[in-house]
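Fold and contact review
Here is what each chain is made of, one letter per residue.
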Amino acid sequence: MPTMIKKDLRKFMKELKLHYDDVWHVPSSEYLKNPDFVVVDPKTGKKMKVSFVSLDDGEVVSVVYDDLS
């Protein structure tokens, strides 16, 4: 089960884009079948799956996400 983070989705996305150059909305990504974590907005209840895409050596090259609800 992925880690659950309770945070405003807009603020979370803004912070994520500050730290990573490639942040992509890719609903059909294979990486989202088992996400690294799920962000839940405590006010609206909306959820978002997030996964880090990394190379074989562990270097993170991008982040993919998709809305659950």
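This text goes with the structure placed above it.
If you're wondering where the values come from, they're calculated on a predicted model, not measured in any experiment.

Rules used throughout
Counting restarts for each chain, with residues numbered from 1 along the sequence as it is written. Residues qualify for local features only when their pLDDT is at least 70, as the model is predicted, and side-chain atom pairs are given and counted only at 80 or more; totals for whole chains, interfaces and linings, by contrast, use all residues. Heavy atoms throughout the structure, all of them, feed into the side-chain values; hydrogens and water do not. The criterion is simple. A nonpolar core is a set of buried Ala, Val, Leu, Ile, Met, Phe, Trp, Tyr and Cys residues joined through side-chain atoms within 4.5 Å. Relative accessibility thresholds used throughout: buried, under 20% of the residue-type maximum; exposed, over 50%; partly exposed, between the two (1.4 Å probe, protein chains only). We count a stretch as a helix when DSSP gives it H or I for four or more residues in a row; a strand needs E for two or more, and each element gets its number in order from the N terminus. By convention in these notes, a salt bridge is any Lys or Arg side-chain nitrogen within 4 Å of a carboxyl oxygen on Asp or Glu. The arc in question is formed by the directions pointing from the helix axis toward the C-beta atoms. What makes two residues a contact is simply this: any of their non-hydrogen atoms within 4.5 Å. Strand pairing requires that DSSP identify at least two bridges connecting the strands. Note on geometry: axes are C-alpha line fits, over the in-contact stretch for helices, and angles between N-to-C directions span 0 to 180 degrees.

Quick look at the nonpolar core
Residues Leu 9, Phe 12, Met 13, Leu 16, Val 23, Phe 37, Val 39, Met 48, Val 50, Val 63 and Tyr 65 constitute the largest nonpolar core, which totals 11 residues. Contributing elements (two or more residues each) for this core: helix 1 (9–19), strand 3 (37–40), strand 4 (47–54) and strand 5 (60–67). By residue number, the principal contributor to this core is helix 1, which donates four residues.

Structural notes on the pattern of salt bridges
Where charged atoms of side chains with opposite charge meet at close range, the side chains can pair. With the rule as written, the count across this model stands at two salt bridges. A salt bridge links Lys 33 to Glu 30; its shortest N-O distance comes to 3.4 Å. Note on accessibility: Lys 33 and Glu 30 belong to one class, exposed.

Focus on helix 1
Among the residues making up helix 1, those that are buried are Leu 9, Phe 12, Met 13 and Leu 16. End-on view of helix 1: buried residues confined to an arc of 95 degrees, all on one side of the axis. Opposite the buried face of helix 1, at more than 90 degrees from it, the exposed residues are Arg 10, Lys 11, Lys 14 and Leu 18. Packing partners of the buried residues in helix 1 comprise strand 2 (23–25), strand 3, strand 4 and strand 5.

A look at the sheet that holds strand 2
Strand order in the open sheet formed by five strands is 1-3-4-5-2, and the pairing between neighbours is mixed. In this open sheet, the two strands that pair with only one neighbour each are strand 1 (3–6) and strand 2. Pairwise comparison of adjacent strand axes, ignoring direction, gives a mean angle of 25 degrees for this sheet. Strand direction decides the pairing type here: strand 2 and strand 5, joined by three bridges, are parallel. Looking at the pairing, Trp 24 lines up with Val 64 of strand 5. Taken strand by strand, helix 1 contacts strand 2, strand 3, strand 4 and strand 5, and its axis lies near 15 degrees from that of strand 4.

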